[in-house]
Structure formats: structure tokens, C-alpha cells
Amino acid sequence: MTQTLHTARWWKKIPDGRLECFLCPRRCHLAEGQAGFCFVRENVGGELVQMAYGRPVALAVDPIEKKPLFHFHPGSAVLSLGTAGCNLGCQFCQNYDISKERAAQQNARHLEPRAIVDLAVEHGVPSIAFTYNEPTVWAEYAIDIARAAHEAGLHTAMVSNGYVTREAFFELYEHIDAVNIDLKGFSESFYERFTLSHMHPVLDTLRWLRRETKVWLEITNLLIPGCNDRPEETRKLCEWISIELGDTVPLHFSAFHPDYRMLDTDPTPPETVHRAREIALECGLKYVYEGNLLTRDGGNTHCPACHRTLVRRNWHRVDHVEIVSGCCAHCGQEIPGQWD
Ligand code: SF4
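Reading guide: rules and limits
Residues numbered from 1 in each chain as written. Predicted model: local features only at pLDDT ≥ 70, side-chain atom pairs only at ≥ 80, totals over all residues. Heavy atoms only, no water. Helix = DSSP H or I, 4+ residues; strand = E, 2+ residues; numbered from the N terminus. Rg over C-alpha atoms; globule rule 2.2 N^0.38 Å. Buried < 20%, exposed > 50% of the residue type's maximum accessible area, 1.4 Å probe, protein only. Contact = heavy atoms within 4.5 Å. Areas by Shrake-Rupley, 256 points an atom, 1.4 Å probe, with all protein chains shown as cover. Lys, Arg positive; Asp, Glu negative; His and termini not counted. Charge placed at Lys NZ, Arg CZ, Asp CG, Glu CD. 1 Å grid on protein atoms, 1.4 Å probe; cavity = no way out; pocket = protein on both sides within 12 Å on 5 of 7 lines; lining within 4 Å. Points joined across faces, edges and corners; volume = space filled by probe spheres on them. Nonpolar A, V, L, I, M, F, W, Y, C, P; charged D, E, K, R; others polar. Expected span 1.5 Å × (residues − 1). Arc of directions from axis to C-beta. Near = heavy atom within 4 Å. Sits in = over half its atoms within 2 Å of the grid points. Core = buried A, V, L, I, M, F, W, Y, C linked by side-chain atoms within 4.5 Å. Domains from an automatic or database assignment. Salt bridge = Lys/Arg side-chain N within 4 Å of Asp/Glu carboxyl O. Pairing = 2+ DSSP bridges.

Participant: Break down the overall build of the protein for me, with residues and values.
Facilitator: The secondary structure content of the protein amounts to nine helices and 19 strands. Taking 340 residues into account, the globule formula puts the C-alpha radius of gyration at 20 Å, and the protein, at 20 Å, falls close to it. Expressed along its principal axes, the backbone C-alpha trace of the protein runs to roughly 60 × 45 × 35 Å. The proportion of buried residues among the 340 residues of the protein is 56%. Looking at the protein alone, contacts between residues at least 24 apart form 66% of all its contacts between residues at least 6 apart. Accessible surface, the protein: about 14,100 Å² in total, of which carbon and sulfur atoms supply 49%. With 34 positive and 44 negative side-chain charges, the protein shows a spacing of 1 Å between the two charge centroids.

Shown next as C-alpha cells:
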């Protein structure tokens with residue numbers, strides 16, 4: 001099939017004749033024929049082109065819990081899609097076959113935004129999620145799908161590394177109802193060494209989301225043995241969330257499995273994840289979850305006032321919900337999220 005060339009947004013010509021892409025903080029400067037770090041945005045004939053537009057390489061119906069989003073229409077299904085490419089260089093990437101493989105893009109099928117929405121409607125799925133690889137790098141496509149999804153009465157969700165500039169942030173997130181941001185660690189050295197990026201832009205994105213938008217926000221922290229799992233680092237991360245974002249933002253600690261360039265690193269012991277959750281609760285965070293491992297109670301939502309279990313989960317399945325009109329069915333405490 002002929003490659004679809006879609007003119008990108010968020011770029012400008014710079015004095016030396018190259019193009020600057022300012023969608024993400026990398027701000028790649030691209031000469032004619034050059035692609036950015038994400039490899040899906042390219043200077044073609046003096047115009048920035050978005051190669052991933054209309055070209056999903058992964059498409060599936062998932063439980064919303066798998067994103068993970070636990071306070072957003074629990075138990076519902078979500079049509080999930082991703083393209084090729086990524087603007088980070090995580091050594092532990094769990095989807096490197098699409099995020100780092102240019103070949104993946106060659107095999108993509110062509111689906112216009114409306115066709116994605118039609119698929120969701122056809123399958124009776126109430127939400128569409130931009131996920132698997134980093135949706136920021138194909139923001140133009142995500143925005144057009146989201147517009148069509150909202151027109152059809154569907155919700156939109158995103159799973160992101162949060163690496164986006166303020167110039168692009170509002171134009172992208174005004175179309176998103178819920179997001180899970182991967183806060184990959186809580187030290188600049190970890191971000192530099194293991195993700196080839198910087199931490200502070202991600203913290204900025206989290207602040208903007210919480211303070212300047214109505215997007216429903218949850219956070220995931222993948223705990224990698226010996227890299228970002230020190231209890232002191234976890235405590236700092238939790239304290240920062242509590243102070244900067246508030247104690248009601250759901251936080252998911254996720255267990256690492258060896259992948260990509262970190263095949264020699266052991267999987268995260270369950271005790272590390274349990275300990276991280278205890279630290280987060282000690283720091284006052286109210287909704288803290290464990291993921292990517294079998295957990296007795298770490299997947300459940302509890303009422304912070306009367307401590308009853310309000311949402312009982314079994315892996316990605318929701319067995320039981322006792323939240324009525326956004327409140328605990330037992331004591332009436334408000335439970336933040338979108339429940340209906
Ligand atoms: S989105 Fe891609 S091309 Fe643009 S600045 Fe980021 S990595 Fe570079």
C-alpha cells in the first residue's frame with residue numbers, strides 16, 4: 001500500500017534551513033529526509049510529515065483495567081490502538097517490537113479515524129484508548145480519532161510517558177478524558193540512563209494535567225530491581241505526588257518482567273511491590289494499587305473513610321462495585337473518578 005503522508009503539526013523552520021519539531025521536549029532538528037528520534041516524524045521536502053497517521057500496528061479490545069485505569073468506568077471494555085515509534089529510549093520497553101522497530105510501520109494497515117470509531121461502535125465498546133506505543137508522537141491521529149469518538153458519544157483514554165511540550169499539551173489533552181502517565185522513576189539519573197530522557201518535563205505534564213485540565217489522571221510506576229526500586233526513591237515519589245498533585249490520584253506500582261535490553265535483570269519480587277504500596281499508604285495516598293502480579297488485596301479499591309472494599313478486582317476482571325453516584329455505598333464518602 002502507498003505510504004500515507006500527513007502533514008504534521010507543531011514544527012517550524014529554523015534559520016539553518018532545518019525543521020524543528022516541538023511536539024516533545026527533544027525538539028529534534030531535522031534536515032531534508034531525516035526522521036526524528038521517534039522515527040515517525042520526518043522532514044519530507046521541507047515539510048514535517050507524520051508517518052504514523054492512519055497506520056495502527058496494534059489494535060485490540062482490552063479491559064480498561066489493563067491500561068491500567070481503575071477509577072474510570074470500571075469493568076468496561078476499551079478499543080486500544082497503537083502505532084510504531086516512541087520518543088523515549090527505555091531499555092526495559094515492554095512493547096519494543098512496535099516502539100523501536102521501523103519495520104512494524106511498513107506492515108501497518110490503513111485506518112482513517114472514522115473507521116476506528118466505527119470499529120468501537122460495532123463491538124459495543126464505550127471507549128477508545130491510545131496506547132501500546134507513545135501516542136504523543138502520533139498526536140494528530142489521536143486527536144482526529146478522539147474528535148470522531150466524542151461525536152459518537154464514546155470516551156477517550158491515553159497511556160503516555162508524559163513527554164510533551166506545553167506548546168502541544170493543551171491541544172492534545174483537550175480531547176482526552178482519562179490518562180495514565182508512566183512516571184518511570186524518581187531520579188534524573190534513572191531517566192537519563194534508562195529512558196534517554198529527562199524527568200522534569202514529565203513532572204511538569206503531571207502538574208498541568210492535575211491543575212489545568214479536567215482529564216482524569218492515574219499514574220503508574222514500574223519497579224525495576226536495582227534500578228528504581230529503593231524505598232527512599234519510592235517515598236520521594238509518593239511525597240511529591242501527595243504535595244504536588246494531591247492524595248487522591250490513583251497510583252499503580254507495577255512489577256517488571258525482563259524485556260528488550262534488560263533481559264538479565266530479575267523480575268520484581270512481589271515483596272518489593274507490597275513494600276512500595278505500604279510506603280505510598282504511609283505517605284497518605286488514598287488509592288494505591290499493585291499490578292503485573294497476583295495480589296490478594298492490591299487490586300481492590302477501598303473507601304478511605306470506612307475502609308470497606310468498594311471495587312473488588314481479580315487480575316483485570318471486576319467482580320464487584322459498591323460505588324453509587326461517585327460515593328461509597330456504605331458511608332457516602334466521595335470516591336474520585338468517573339464511575340457511571
Ligand atoms: S515527537 Fe519525535 S520528532 Fe518530534 S521532537 Fe519528539 S522525538 Fe523528535
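Participant: Could you give me a rundown of empty space enclosed by the protein, with the residues and numbers involved?
Facilitator: Counting across every chain of the model gives one cavity of 30 Å³ or more. Size it by volume and the largest cavity reaches roughly 110 Å³. Around the largest cavity, the lining is made up of 13 residues, and of these Cys21, Cys24, Cys28, Cys38 and Arg41 lie nearest the centre. A class-by-class count of the residues in the lining of the largest cavity yields eight nonpolar, two polar and three charged.

Participant: Before we move on, can you summarise helix α8 (residues 231–245) with the specific residues and values?
Facilitator: Between the first and last C-alpha of α8 there are 20 Å, a value that for 15 residues agrees with the 21 Å anticipated at 1.5 Å per step. All of the buried residues in α8 are Glu233, Thr234, Leu237, Cys238, Trp240, Ile241 and Leu245. Each buried residue of α8 lies within a common arc of 155° when the element is viewed along its axis, so the set occupies one face. Along α8, the residues that are exposed and aim more than 90 degrees away from the buried face are Lys236 and Ile243. Considering only its buried residues, α8 is in contact with α7 (200–212), β12 (216–223), β13 (251–255) and α9 (270–282).

Participant: How would you summarise the site of the ligand if you had to cite specific residues and measurements?
Facilitator: Near the ligand the following residues occur: Cys21, Leu23, Cys24, Arg26, Arg27, Cys28, Gly36, Phe37, Cys38, Arg41 and Asn87. The cavity that encloses the ligand is the largest cavity. Grouping the amino acids of the shell around the ligand by side-chain chemistry returns six nonpolar, two polar and three charged.

Participant: Any chance you could break down unusual backbone geometry for me, citing the residues and the numbers?
Facilitator: Cis geometry is found at the peptide bond from Lys67 to Pro68, where omega equals -10°. Mapped onto the fold, Pro68 is located in the loop between β7 (58–63) and β8 (77–82). Phi at Asn292 takes a positive value of approximately 65°, unusual for a residue other than glycine. Note that Asn292 resides in the loop between β14 (288–291) and β15 (301–302).

Participant: Please give an account of the nonpolar core that cites residues and values.
Facilitator: One finds Ile128, Phe130 and Tyr173 to be the most contacted residues of the largest nonpolar core, which totals 88 residues. The dominant element in this core, judged by the number of residues it contributes, is helix α4 (residues 139–151), at eight residues. In terms of domain composition, this core takes at least three residues from each of domain 1 (6–50) and domain 2 (58–299). Setting aside its immediate chain neighbours within four residues, Tyr173 contacts Met158, Ser160, Val164, Val179, Ile181, Leu209 and Val215. If you look at the next biggest cluster of nonpolar residues, it comprises ten residues, including Tyr287, Val311, Cys328 and Ile335.

Participant: I'd like a rundown of the pattern of salt bridges, residues and numbers included.
Facilitator: For the structure on display, the rule yields 21 salt bridges. Lys286 is the partner of Asp247 in a salt bridge, and the nearest nitrogen-oxygen pair spans 2.8 Å. Taken together, the residues span a long stretch of sequence, with Asp247 in the loop between α8 and β13 and Lys286 in the loop between α9 and β14 at a distance of 39 residues. Residue Lys286 is classed as partly exposed on the basis of its relative accessible area, which comes to 34%.

Participant: Requested: an account of the sheet that holds strand β17 (residues 317–321), with residues and values cited.
Facilitator: Taken in spatial order, the three strands line up as β15-β16-β17 in an open sheet, and their pairing is antiparallel. This sheet does not close on itself; its edge strands, each paired only once, are β15 and β17. Pairing of strand β16 (residues 309–314) with β17 involves four bridges; the strand directions are antiparallel. Bridging across to β17, Arg312 finds its partner in His320.

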